[in-house]
Structure formats: structure tokens, C-alpha cells
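A closer look at the structure
The residues making up each chain are set out below.
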Amino acid sequence: MHQSAENETCAPAKSYPRKVVFSICAHIQQREMSPPEPVFVTPAGGGSEQSWMAGLLEHPGYDEERLRRVSEQLSCREVQAGLLLSLMGQPQQYCYPSLFIYGHRASGKSHVVNVFMKDLELPHVTVSCVECVSVALLFEKVLRSFFGCDAASLLPRSPSLSDFVRIYRQQSSQSPAKQTRYIVMEKAELLRDADVNLLPALLRLQELVKDNVSVILLSEIVWDKFRPNTGCFEPLLLHFPDYSKGELQQILSTDRHPSYSAEFYSSYINILLGVFYPVCRDLRELRHLAALNFSKFCEPVAAGKVKEMDTHKLWKNIEPHLKKAMQTVYLREVSSLQWEQMEEHESGALRGLSAHTHVELPYYSKFLLIAAYLASYNPARTDKRFFLKHHGKIRKTNFLKKNEKTSNHLLGPKPFPLDRLLAVFYSVVDSRVAPTASIFSQISSLVTLQLLTLVSHDDQLDTPKYKCAVSLDFISAISRTVNFDIVKYLYDFL
Ligand SMILES: Nc1ncnc2c1ncn2[C@@H]1O[C@H](COP(=O)(O)OP(=O)(O)OP(=O)(O)O)[C@@H](O)[C@H]1O
Ligand SMILES: [Mg+2]
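So, a few notes on the structure that sits alongside this text. (Residues numbered from 1 in each chain as written. Chains lettered and ligands numbered in written order. Predicted model: local features only at pLDDT ≥ 70, side-chain atom pairs only at ≥ 80, totals over all residues. Heavy atoms only, no water.)

**A few points about the pairing of strand 4 (residues 181-186)**
Stated formally: Each residue gets one of three labels from its accessible area relative to the maximum for its type: buried under 20%, exposed over 50%, partly exposed in between, using a 1.4 Å probe on protein chains only. We count a stretch as a helix when DSSP gives it H or I for four or more residues in a row; a strand needs E for two or more, and each element gets its number in order from the N terminus. Strands are treated as partners if at least two bridges between them are detected by DSSP.
Counting buried positions along strand 4 gives six out of six residues, so the element sits mostly inside the fold. The two faces of strand 4 match: Arg181, Ile183 and Met185 on one face and Tyr182, Val184 and Glu186 on the other face are all buried. Where strand 4 and strand 5 (residues 213-219) come together, five bridges link them in parallel fashion. Note on strand 5: the bridge partner recorded for Tyr182 is Ser214.

Dropping the structure here:
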């Protein structure tokens, strides 16, 4: 079956671009001798390699001006863009049935493919496998983009793969492709969770629908992790390596601010990469960080204190801010506004601002959670010392048992009964709160949010027991928002 399929798919190769035919033929010869092996496409010499290196894309069948515009947008991806273009061949030629492009996050996979599709005005549809939660959505999107809404409406309610192939065939026989149609699948790794037939079918869709269509799969994962056990048509593989530091510098420097010179922005990026490159190589993240910190970098220049060229002084000024920003790399939890507020709190009280402050809880729920934390980590005997107003003088040594030297934080949270929680709650909350139903419902909300855990059986309605399930960092952040110094009330920190 494999053999016949290969023969069939070889048929349209008559009109593949020459370079691709070489690589396909080599691939097929190899496959006749051994089990299917993936074909890695690498720049294998040839006349046009120099032009790739020079950053210029050349290919018959495409408008030169458009190719020049495409080249301008694909800095540091010249080799991959050149390869992709030669694999795609001339627009009216058949392209290889499926291409698999892989590389780490933000390595420019989507960027390169999108620029090609848009700027060369190729007929295409980009499908995100995250968005298309069902195959029906995928089929509908493809049919709608290529043949219009009427074609998509021909799909039955829950369409099968064969429905899709049937309708596609029927439509493409009415309006055959004048140029290669591309289906770009973003986050293709999710296809592995879809129906088992879907991925093998997409890989040889060209053959199934008998149309000049090519599927481009984009993924962070290598092809070996995709290949179904039952075997399938092997796509051509194209790897996008990570950007080097120099390449990141080049790409990021293109975002320069209109009111500052290119050199000034470039020196800023140089400083930024010096700090962040060891911990973060994600272009998207670095771009976000660059935008976030640039105003701080310019401040002394805008105030007229420092000249644009005085890199040393600028570095001294920005360094502490960048170091602070290191703590939140990748989290994206600090919006620019929060960032400015954080800068104002130079004391560092809000250091390590994180997701904790984003948990919005009602006022009393915060105190309930604090009380729960205290009840979980303080021995019950010590409540008197912390929460009784006139407890007399009880020193830590007086109630420190010999075997109790281990930190309660190392032992983890202990369960406590509801009564104790409420007793601690009423003493930590300043104003008087009546024990209303709302307080009890807030406790059950905290359980639903998994900030508290119910440890007793459900049938023990009168004395339920809870454990606090949050960390010290979390509770410290919550306490700060209500001006409660929790450390003062923790037995471990006395
Ligand atoms: N060579 C480049 N020149 C300019 N911008 C680039 C380049 N490469 C990537 N970018 C930009 O970086 C961002 C991330 O790139 P892209 O979306 O292409 O990554 P990706 O490889 O598809 O990542 P993912 O696997 O997460 O989808 C985009 O905003 C893109 O415009
Ligand atoms: Mg992408």
C-alpha cells in the first residue's frame, strides 16, 4: 500500500521545481531501500546559495519587487526563507504535498510563512490547531477560504474526513487551483490528539483531493514525535534554529524609536541582551522587555542630564531596573502601569510582585485566608500568646517543647477545626464582624478556589477541618494588600 501511494504521489512531480525534484527523488530512492526516513532539507550548495546569504530572494514566477519586500522583512532567516521558496516552487507548479517546519518558540516560523503568504499573495488559509477544537471547524475554515461560504455549508453536521475530501474534490474540479493552495497549520503538535486519520490524511491531501494543495505544518516539536505507529507519508522537514545573540540584536534593533537615533536604540538593545540573554532567548519576551524598559533608559537623556552617547552613565542608570525586571521574565504578570508603581516602591516591599497580587479576593476572605494560614502553621497552644490581649508574659522558651524545634513551615500545613479558624479570624480582623452566612460562604469559596482544603469527611457537618493550601509568598502578598504584618504572628519567625 505504501508503494502504490508513493507512485501516485510521484505523479505530479513532473512539475515540481527542479531543486525539489532532486531532493524528492533522493528521498524516494532511499525509501525503496529502507523504511521511511524523514528528509531534512539543508542548503546543499548550488548557485543561488550566495543570493540567500546576501539576503535576496530570487525565484522565477514571482514578482521581483515583492520578493525584495519579503526579503526585507525576514532578516536573519535568509537561508530558511530561500529554502522554503525553492520548495514552494513557482506558484502554478505543484508543491511537495506537505512541509513540516519546526523550531523553538519565537524562532520565526509563523513570521516567515505569513510574510510569504501575505506579501506574495498566495492562496492560503492559516488554521490554528488551538482554535479549531473540532475537525468540523477545520474543514469548514479550509473550504470557506478556498471556495467560499457556499462550499462550507455543504458539510454535514458532524463531518467526517471523507465528507471533507468529497466536497473539496467536487469544488476543486469546478474551480481548479491556478496556483498552489496552502493550508498552514499552526501549533500542529495538537493534531496528534485529534482523530488518528487526520494527520496522515493532511500529509497526503494533495493526492486525496487531486488538487494543487500543500499543507505546511508548524510546530515546536520534532517530526519523530509525530510519526504515527502505522506509518504515514513523510513530509519534508525544515528546521528553524534558535536566533544567536547577534541575530537577536539585529532583529530587536529594527524596532527603534522615531525620536532617538538608531545607534542609541541599538546600544540599549546591547545592554538589554547583556542582562537578559543568559536567562531568556525568546524574541517575543525580549521585545516585550525592551519596550517596557526603554522609557526608563531614555529618562536621563530626556531630562538633559546625560548625552545619548554616554553609554556608561546610561548603563549605570538602567542596570538596577533591568535586574529587577529579571524577576518577572516570562511571567508577563506586570503590566506597564504596575511596573511604574513598582518602581515607586523603591523600598522593595513589592519585590517579586507576582501572580499572588492578581488573586482578587473579597476583603474578609483575605482575612479568613490569613487566619487559616496562621491556624495551619502555628501550634494551637500558641494562639493565646498571639491573639489574647492580656496574656501576661509568655516567652517563646516557655512554650517551646524540646521536640518542637523543627520549623512548622518545613512540616507543612496542619489541619485545624472551623472554631479555631473563626477565633483567629475575629482577632486578626480589626472591625467587628458578625458571624454571618456570608462569612461561612466565603470559607466554602476559598475551598472551591483550592486555597483551603477540606480534610474532614463531608458528613462531619458540625466540626469540619481545613488546611491552608497557600505558600508563604502568597499569603505575604495577600497580607500586604490589607496592611497586615503576618510575619509578626508566625511562631516560626519569632
Ligand atoms: N526574523 C525576524 N524578523 C523580525 N521579526 C521576527 C523575526 N522572527 C520572528 N519575529 C517576530 O517574533 C515574534 C515571534 O515569531 P513567530 O510568531 O514567527 O514565532 P514562532 O516560531 O511561530 O513561535 P511559536 O512556536 O510560538 O508559534 C513575532 O512577532 C515575529 O514577528
Ligand atoms: Mg507560530
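**Things to note about the packing of helix 17 (residues 363-377) against helix 20 (residues 418-428)**
Selection rule: Inter-axis angles, ranging from 0 to 180 degrees, are taken between N-to-C directions of lines fitted to C-alpha atoms, where helices are fitted over the stretch in contact. Comment on the angle field: the value is read as roughly parallel under 35 degrees, roughly antiparallel over 145, roughly perpendicular from 65 to 115, and oblique elsewhere. Each crossing gets its hand from how the near helix is turned against the far one by less than a right angle, where anticlockwise is left-handed and clockwise is right-handed. Contacts between residues were defined by any pair of non-hydrogen atoms, one from each residue, lying within 4.5 Å. Gly counts as polar in this scheme, as do all residues outside two lists: the nonpolar Ala, Val, Leu, Ile, Met, Phe, Trp, Tyr, Cys and Pro, and the charged Asp, Glu, Lys and Arg.
The contact between helix 17 and helix 20 brings their axes to 8 Å, and the two run at 120°. The orientation of helix 17 with respect to helix 20, classified from their angle, is oblique. For helix 17 against helix 20, the interelement crossing comes out right-handed. Here Tyr364, Phe367, Leu368, Ala371, Ala372, Leu374 and Ala375 of helix 17 come into contact with helix 20, specifically with Arg420, Leu421, Val424, Phe425 and Val428. Classifying every residue of the contact of helix 17 with helix 20 gives eleven nonpolar, no polar and one charged.

**Quick word on the side chain of Glu189**
Stated precisely, the cut-off is as follows: Here Asp and Glu are counted as negative and Lys and Arg as positive; His is not counted, and neither are the chain ends. Here, a salt bridge means any Lys or Arg side-chain nitrogen found within 4 Å of an Asp or Glu carboxyl oxygen.
Tracing the backbone shows Glu189 in the loop between strand 4 and helix 10 (198-203). Notably, Glu189 is buried but unbridged: the nearest opposite-charge side chain belongs to Lys187, and the N-O separation is 5.1 Å.

**Here's the deal with unusual backbone geometry**
At Ala106, a position not held by glycine, the phi torsion is positive, near 50°. Along the chain, the position of Ala106 falls in the loop between strand 2 (98-102) and helix 6 (109-119). Judged by relative accessible area, which is 15%, Ala106 ranks as buried. Notably, Lys187 is not glycine yet its phi reads approximately 50°, a positive angle. Looking at where Lys187 falls in the secondary structure, it is placed in the loop between strand 4 and helix 10.

By themselves these figures say nothing about function.
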